[in-house]
Amino acid sequence: MIWKIAVSSRFYFVRVLVLTGAGVSAESGIPTFRGKDGYWKNLDPTKLATPEAFARDPQLVWDWYRERRERIGNARPNAAHEAVARLARRTGEFLLVTQNVDDLHARAGITAEKMVQIHGDIFVTRCSCCESSYVGRGGSPEPPGACAVQPTKGRLRSIAPTFGKVANLPRCPECHALMRPGVVWFGEQLSRNELERVEDFLGGGTCDVVIVAGTTATFGYIIDWALRGSRNGAELIEVNPEETPLSRFATKQVREPAAIALPRIVDEVLAEHLRL
Ligand code: OAD
């Protein structure tokens, strides 16, 4: 009995921060952004994920997101997502900050309060001008009621204008501007609310372990959070087959695919912190 109480208090004391990127979903068949596999129809995704690309060719950008939604909808969480979810369940203080806009971490079982999707959610469709948004996990960019109305004579009627390349794109029912995917694009602000959640976690105490998996860590804030989370001697574990700008700060570099390395690392972390 005494042993059980000691174990559970130690269990709840562990603070873990996990930061993930596209590499974690690679083994579920979701292409990463950078590297040769990231290209879509010979186009660079990092150039499609911009407000400028959407202004120039919204159909092309929607086509890319529509295909990504479909691919994600058909994909399954892999052993890396499952390992992170297990860690979340077993540790009292836990936050996952993912740059991934897919829902594979959520489908592996991480609850919303333990996860921040810092670059948004691909299944959200929101207005490019006003605050209207739809959460539609059906994989369709058409928000209910925006693009099609109930049939009057046996056929669906589109309320979107039928000119040019944007004819079939969803329109905002409030202001009629184009709807767009609910993701953060290059050059846009991160959500203040989600930033606050990360800051609250970092301000709430030092971590015992920080794991950074499957990201090139190109954004300064990812490195900043990893370093702030691991200050005061926490272990900083990087899981990535390639070296990244974060590698030199890591206390442990694991050059393996996430789906192979993370289940083992989670076992090790749990075993280490359950030790009396
Ligand atoms: P990237 O596509 O830049 O990088 C994927 C990383 O995953 C690379 O460092 C790979 O070496 C690594 N990787 C590949 N396969 C892996 C595997 N099986 N296991 C572990 N690691 C693997 O993706 P991110 O770093 O997530 O932002 O990109 C960050 C952001 O840039 C994205 O969220 C998106 C993008 O443009 C926006 O759209 C704002």
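Overview of the structure. Keep in mind it's a predicted model, so treat the numbers as computed, not measured.

Okay, the packing of aromatic side chains next. In this structure the tally under the stated criterion is 7 aromatic pairs. Judged by centre distance (5.3 Å) and plane angle (5°), the rings of Phe219 and Tyr221 are stacked. Assessed through its relative accessible area of 22%, Phe219 is described here as partly exposed. Ring plane angle 45° and centroid distance 5.3 Å describe the contact between Tyr221 and Trp225, whose orientation is recorded as tilted. With Tyr221 and Trp225 both in helix α9 (residues 220-229), this residue pair falls 4 residues apart, about one helical turn. Above the ring of Phe201, the side-chain terminus of Arg15 is found at 4.1 Å from the ring centroid. Across from the ring centre of Trp185, 3.7 Å away, lies the NZ or CZ of Arg180, which sits over that ring.

We now examine the sheet that holds strand β4 (residues 120-127). With respect to topology, 3 strands assemble into an open sheet ordered β5-β4-β8, the strand pairing being antiparallel. Here the strands that pair on one side only, and so sit at the sheet edges, are β5 (133-135) and β8 (179-183). Each strand axis lies, on average, 35° off the axis of its neighbour in the sheet, ignoring direction. Across 3 bridges, the pairing between β4 and β5 is antiparallel. Opposite Thr125, over in β5, you have Tyr134 as the bridge partner.

Turning next to helix α6 (residues 79-90). Counted at 1.5 Å a residue, the expected span for α6 with its 12 residues is 16 Å, and the 16 Å between its end C-alpha atoms agrees. Taken residue by residue, α6 has Ala80, His81, Ala83, Val84, Ala85, Leu87 and Ala88 as its buried positions. Looking at the packing, one finds that the buried side of α6 touches β1 (15-20), α2 (23-26), β2 (93-98), α7 (104-108), β9 (209-213) and α10 (258-274). At the N-terminal end of α6, a side-chain oxygen is found 2.7 Å from the backbone nitrogen of Ala80, two or three residues along, and the residue is Asn78.

Glancing now at the site of the ligand. Lining the immediate surroundings of the ligand are 23 residues, of which Glu27, Phe33, Arg34, Thr215 and Asn240 lie closest. At 2.8 Å from an oxygen atom of the ligand is found a main-chain nitrogen or oxygen belonging to Ala22. The contact in question runs from an oxygen atom of the ligand to an N or O atom on the side chain of His119, over 2.8 Å. When the free accessible area of the ligand is taken as 800 Å², the share hidden by the protein chains comes to 91%. Residues belonging to the shell around the ligand are distributed by class as follows: 10 nonpolar, 10 polar and 3 charged.

Here we come to the nonpolar core. Of all hydrophobic cores here, the largest spans 29 residues; its most connected members are Leu87, Phe94, Ile211, Val239 and Leu262. Secondary-structure elements contributing two or more residues to this core are β1, α6, β2, β9, β10 (235-239) and α10. The element best represented in this core is α10, accounting for 8 residues. If you look at the next biggest cluster of nonpolar residues, it comprises 21 residues, including Leu17, Cys207, Val212 and Ala217.

So, about the pattern of salt bridges. Enumeration over the complete set of coordinates arrives at 13 salt bridges. For Asp63, the salt bridge goes to Arg66, with nearest N and O atoms at 3.2 Å. Pair noted here: Asp63 and Arg66 are both in helix α5 (residues 58-74), with a separation of 3 residues, about one helical turn. Overall, the relative accessible area of 27% leaves Asp63 in the partly exposed class. In this structure, the salt-bridge partner of Glu199 is Arg228, at a minimum N-O distance of 2.6 Å.

Conventions and cut-offs
- Residues numbered from 1 in each chain as written.
- Predicted model: local features only at pLDDT ≥ 70, side-chain atom pairs only at ≥ 80, totals over all residues.
- Heavy atoms only, no water.
- Phe/Tyr/Trp six-rings, centres within 6.5 Å; stacked < 30°, edge-to-face > 60°.
- Buried < 20%, exposed > 50% of the residue type's maximum accessible area, 1.4 Å probe, protein only.
- Helix = DSSP H or I, 4+ residues; strand = E, 2+ residues; numbered from the N terminus.
- Lys NZ or Arg CZ within 6 Å of the ring centre and 35° of its normal.
- Pairing = 2+ DSSP bridges.
- Axes fitted to C-alpha atoms, helices over the stretch in contact; angles between N-to-C directions.
- Expected span 1.5 Å × (residues − 1).
- Contact = heavy atoms within 4.5 Å.
- Polar contact = N/O pair within 3.5 Å; in protein donor to acceptor, adjacent residues only side chain to side chain.
- Near = heavy atom within 4 Å.
- Areas by Shrake-Rupley, 256 points an atom, 1.4 Å probe, with all protein chains shown as cover.
- Nonpolar A, V, L, I, M, F, W, Y, C, P; charged D, E, K, R; others polar.
- Core = buried A, V, L, I, M, F, W, Y, C linked by side-chain atoms within 4.5 Å.
- Salt bridge = Lys/Arg side-chain N within 4 Å of Asp/Glu carboxyl O.

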